[in-house]
Amino acid sequence: MNRFVYTTLLQEMQELLSEVESGTSSTKRDLIHDNIYADTLTQLAKNYAATQWRSLSYLWTRYEKGLAEARNGQFQVSQRIFDEVQHYRHHTPTDLSLFPYLVEVSALPAIAYLRYKQKNYAEAETMLVSAIGNDALLTAQGFYILEYHRIQQLHNLARLYFSQQRLEEAAGVIGQALRFMVYGHIPTLGDQWAENYLRQAPVQLRSDMLLQLSSETVSIFLNYLSTERELFEIAFKNLTFWEPATPDERAMLEWFELKEAFYAPEVSEDILQRTVSFFKNQPTHFDIYKLALLVELTKHLSQGGFYDTHWQSTAEQFVNKLKVSSRQRASCVLFFKNALAPSEELASV
């Protein structure tokens, strides 16, 4: 890299500032609960349960209500709902062999979340692992869409591990989930995983799930910049050889390629230009990915002796326009300030 390349990058970043609208962080959501998954599971369950569908639907709805109360911090209310549902189940006979397992599809993750919020991490983990096993019995009986629900439980396990600072374990679970979706590599947690179940679902569901897992993980890794490279390699390394099927998947593949390229001994001018193009061309739901690449680009400039107050100012303005959390924004602005050598900072005063 030379001064001309740096000047070109700086100019392109400054031009980009006028094109990007300021924003706040997007609402967090689990994409697995979008209509593709819910509608498919509902239809499969209706076909199976037939006249007992209303009972199954009622139980699912009550567990969802208990989960919502737990998310709102109403733990006693949540537990009371779960107890009432358990009593109802006790007194609702069924002649359908899969009925109890279908109920558990909603019950196990919901109760696991309550235990997690109550800091009963061991029980929460046990229930999530049980949910993965419960779904396997159903996928083998034609409920193929639940293979994505199993992946969701891997994500929930990773969230549980992240909350306990079990960072490498969490990154490993994320890596297993991602590699299963794009390469068909079988996860070590649980058994009876089958890639053909994923292929029966619309490809958009895979795209949504890849986005959910990777974006949330990228966001978490930004809180651990000192060990981010090690965590990246566990979760994301070698995710550059698969065929994207949607625009979002193409953007994710581009991000994996660019991020990995910054860890090479030499970073080419092409990678630097592609990074700025990623900033320009990707939609706002990729802003957290842009922030992670901006950190790498800034590290590269600093190591090459090109990082100065002009870049710092431009980078901070760009971050302020991204739809990321205030915590992430403040953390990265502090990183940009600390990356500036004391002598350079004094010279700019």
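Small disclaimer: the values here were computed from a predicted structure and weren't measured. (Residues numbered from 1 in each chain as written. Predicted model: local features only at pLDDT ≥ 70, side-chain atom pairs only at ≥ 80, totals over all residues. Heavy atoms only, no water.)

Asker: Report on the packing of helix α15 (residues 309–321) against helix α16 (residues 326–339), specifying residues and quantitative values.
Answerer: In a packed pair of helices, the relevant descriptors are the angle between the two axes and the axis-to-axis distance. At a minimum axis separation of 10 Å, α15 and α16 run at an interaxial angle of 175°. Classed by the angle they form, the pair α15 and α16 counts as roughly antiparallel. Counting all contacts with α15, which are made through Q312, A315, E316, V319 and N320, the residues of α16 involved are R329, V333, F336 and K337. For the contact of α15 with α16, the residue count by class is four nonpolar, two polar and three charged. (Axes fitted to C-alpha atoms, helices over the stretch in contact; angles between N-to-C directions. Helix = DSSP H or I, 4+ residues; strand = E, 2+ residues; numbered from the N terminus. Parallel < 35°, antiparallel > 145°, perpendicular 65-115°, else oblique. Contact = heavy atoms within 4.5 Å. Nonpolar A, V, L, I, M, F, W, Y, C, P; charged D, E, K, R; others polar.)

Asker: Outline helix α7 (residues 146–163), supporting the account with residue identities and numerical values.
Answerer: Compared with the 26 Å implied by 1.5 Å per residue over 18 residues, the 25 Å span of α7 between its first and last C-alpha is a close match. Buried residues dominate α7, accounting for 17 of its 18 residues. Just beyond α7, the residue with positive phi is Q165, at close to 65°. (Expected span 1.5 Å × (residues − 1). Buried < 20%, exposed > 50% of the residue type's maximum accessible area, 1.4 Å probe, protein only.)

Asker: Which residues make up the packing of helix α10 (residues 203–221) against helix α12 (residues 247–261), and what are the values?
Answerer: The interhelical angle for the contact between α10 and α12, taken along N-to-C directions, is 35°, at an axis separation of 9 Å. Helix-helix and strand crossings are classified by hand; for α10 and α12 the assignment is left-handed. On α12, the residues that touch V203, R206, S207, L210, L211, S214 and V218 of α10 are D248, E249, M252, W255 and F256. When grouped by side-chain class, the residues that make up the contact of α10 with α12 number seven nonpolar, two polar and three charged. (Left-handed = near helix turned anticlockwise from the far one by under 90°.)

Asker: So what's going on with the side chain of E216? Which residues, and what values?
Answerer: Relative to the assigned elements, E216 resides in helix α10. Judged by relative accessible area, which is 16%, E216 ranks as buried. Here the side chain of E216 touches R159 through a polar contact of 2.8 Å, side chain to side chain. (Polar contact = N/O pair within 3.5 Å; in protein donor to acceptor, adjacent residues only side chain to side chain.)

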